Amino acid sequence: MKNLHIPAICVHAYGGPEQLQLQEVPVPVPAKDQVLIKVVASGVNPIDWKIREGFMKHPLPYIPGVEASGIVTAVGEGVFGKKIGDEVYGSVDGSYATYAISTAELLFRKPPGVSFEEAATMAGARTAWGALFDVAGLVKGQRILIHAGAGGVGHFAVQLAFNAGAYVIATASEENLDFVTSLGANEVIDYNAAPFETQVAPVDIVFDTVGGDVTERSLAVLKPEGLLLCIVQMPDAEKMAAAGVRALWGGTKTLASMQEVHKLLDKGLIQPYVRKVFHSLSEAAAAQEYSKHGGSGRGKIVLKISEG
Ligand SMILES: NC(=O)c1ccc[n+]([C@@H]2O[C@H](COP(=O)([O-])OP(=O)(O)OC[C@H]3O[C@@H](n4cnc5c(N)ncnc54)[C@H](OP(=O)(O)O)[C@@H]3O)[C@@H](O)[C@H]2O)c1
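Residues numbered from 1 in each chain as written. Predicted model: local features only at pLDDT ≥ 70, side-chain atom pairs only at ≥ 80, totals over all residues. Heavy atoms only, no water.

If you check an unreviewed UniProt entry, the protein chain appears there as NADPH:quinone reductase from Chitinophaga ginsengisegetis.

Okay, structure coming up:
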């Protein structure tokens, strides 16, 4: 496929959705430990628009996207365990393209009962796993409050915490209360009905996937020495000390956490939910705008790029 060109979304300068330009780029060639996939679906994550707007830096120009599902079309000479035709999913930098490369060990076999769209959302599960278990060390019997229990990370976190035997309390809008209950939450709080602080008894851990004023308001619902687990922003250190609680950054991206959530997906012990599918690369801007402004919703956003 060398010298062939493929459609991809390219960003040449930080800015608004107009920076997402559909153009032809050379097909990437897999190195020794890499695999080339035909991308069927790309996850659309908040980090995609945050990078595009320049809140987080990426060398320019770049192809957006951090995760995908697809079909292996070429393998580097040092790759074992992946072959042409395999249906895979996992971490893929530059996934807003019809073909993309990734390190072979970051890709996992897509279980047959899981759709390409569903499989393209599992970065949220890896984030939730890393935060809950690698960082917070969540164990059976602990009380945890998960903010945004219906969200892209939150809906996985509720399932993982429930599977671990924690007592799970989650926040959600009224229309998502039943959904989050169905994921295993023991209590679901309508955060619009009244401040969540007035609706929850003290917890061991708060998993904050929302940020803004939710971060520091969460200090009030922690037990003494309780843990605020953050993936959006950290609280003010003085306020944290005054509240007698701890805070840790929960954003870790280990291979082990991806392996753990893959095992659960394979056994049907975790279910990804797709909130909305956008149906071609030309809808990349609409997908990112929806991710930024879409409001209430269940699960993750997906950009469908080709047929599986
Ligand atoms: N540091 C890291 O490694 C890392 C990794 C992944 C994500 N993140 C960050 O984590 C955040 C969440 O990501 P995501 O993919 O889960 O986002 P998302 O799916 O876009 O979040 C949307 C959800 O947020 C909920 N929500 C909005 N305001 C809320 C509030 N005040 N209280 C409770 N829930 C609220 C909505 O719930 P309702 O529909 O029920 O209203 C909706 O389901 C983003 O800022 C993202 O950048 C960080």
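With that settled, the discussion passes to the pattern of salt bridges. The tally for this structure, following the rule as stated, stands at 13 salt bridges. Close ionic contact of Arg-52 with Glu-53 constitutes a salt bridge, the shortest N to O distance being 3.0 Å. With relative accessibility at 0%, the residue Arg-52 sits in the buried group. Judged by relative accessible area, Glu-53 falls into the partly exposed class, the value being 24%. Via salt bridges that share partners, Arg-52, Glu-53 and Lys-292 belong to a single interconnected network. (Salt bridge = Lys/Arg side-chain N within 4 Å of Asp/Glu carboxyl O. Buried < 20%, exposed > 50% of the residue type's maximum accessible area, 1.4 Å probe, protein only.)

Given 3.6 residues per helical turn, the α-helix brings residues three or four places apart onto the same face. Summarising burial for helix 3 (residues 123-135): eleven of the 13 residues are buried, a large majority. Among all positions in helix 3, only Ala-123, Gly-124, Ala-125, Arg-126, Thr-127, Ala-128, Trp-129, Gly-130, Ala-131, Leu-132 and Phe-133 are buried. One or two steps after helix 3, the chain reaches Gly-137, where phi turns positive at roughly 60 degrees. (Helix = DSSP H or I, 4+ residues; strand = E, 2+ residues; numbered from the N terminus.)

All right, on to unusual backbone geometry then. The linkage connecting Leu-60 with the following residue, Pro-61, adopts the cis geometry, with an omega of -10 degrees. Relative to the helices and strands, Pro-61 is located in the loop between helix 1 (46-52) and strand 4 (67-75). Although it is not a glycine, Ala-148 adopts a positive phi angle of roughly 60 degrees. Structurally, Ala-148 can be placed in the loop between strand 8 (143-146) and helix 4 (154-163). The class for Ala-148 is partly exposed, based on a relative accessible area of 22%.

Attention shifts here to the site of the ligand. Around the ligand, the surrounding shell holds 23 residues, and the nearest of these are Lys-50, Gly-152, Ser-173, Tyr-191 and Gly-297. Here an oxygen atom of the ligand and a side-chain polar atom of Asn-176 are 2.9 Å apart. Computed on the free molecule, the ligand has an accessible area of 940 Å², of which 81% lies beneath the protein chains in the complex. A majority-of-atoms criterion places the ligand in the largest pocket. Secondary structure elements with two or more residues in the shell around the ligand: helix 1 and strand 9 (167-172). Looking at the shell around the ligand, its residues break down into eleven nonpolar, ten polar and two charged. (Near = heavy atom within 4 Å. Polar contact = N/O pair within 3.5 Å; in protein donor to acceptor, adjacent residues only side chain to side chain. Areas by Shrake-Rupley, 256 points an atom, 1.4 Å probe, with all protein chains shown as cover. 1 Å grid on protein atoms, 1.4 Å probe; cavity = no way out; pocket = protein on both sides within 12 Å on 5 of 7 lines; lining within 4 Å. Sits in = over half its atoms within 2 Å of the grid points. Nonpolar A, V, L, I, M, F, W, Y, C, P; charged D, E, K, R; others polar.)

A few words now on the sheet that holds strand 9. In space, the six strands of this open sheet follow the order 10-9-8-11-12-13, with parallel pairing throughout. Every interior strand has two partners, whereas the edge strands, strand 10 (187-190) and strand 13 (246-249), have only one. In this sheet, neighbouring strand axes are inclined to one another by 20 degrees on average, regardless of whether the strands run parallel or antiparallel. As paired strands, strand 8 and strand 11 (residues 203-208) are joined by three bridges and run parallel to one another. Within strand 11, the residue paired with Ile-146 across the bridge is Phe-207. Relative to the sheet, helix 4 contacts strand 8, strand 9 and strand 11, its axis offset from that of strand 8 by approximately 170 degrees. (Pairing = 2+ DSSP bridges. Axes fitted to C-alpha atoms, helices over the stretch in contact; angles between N-to-C directions. Contact = heavy atoms within 4.5 Å.)

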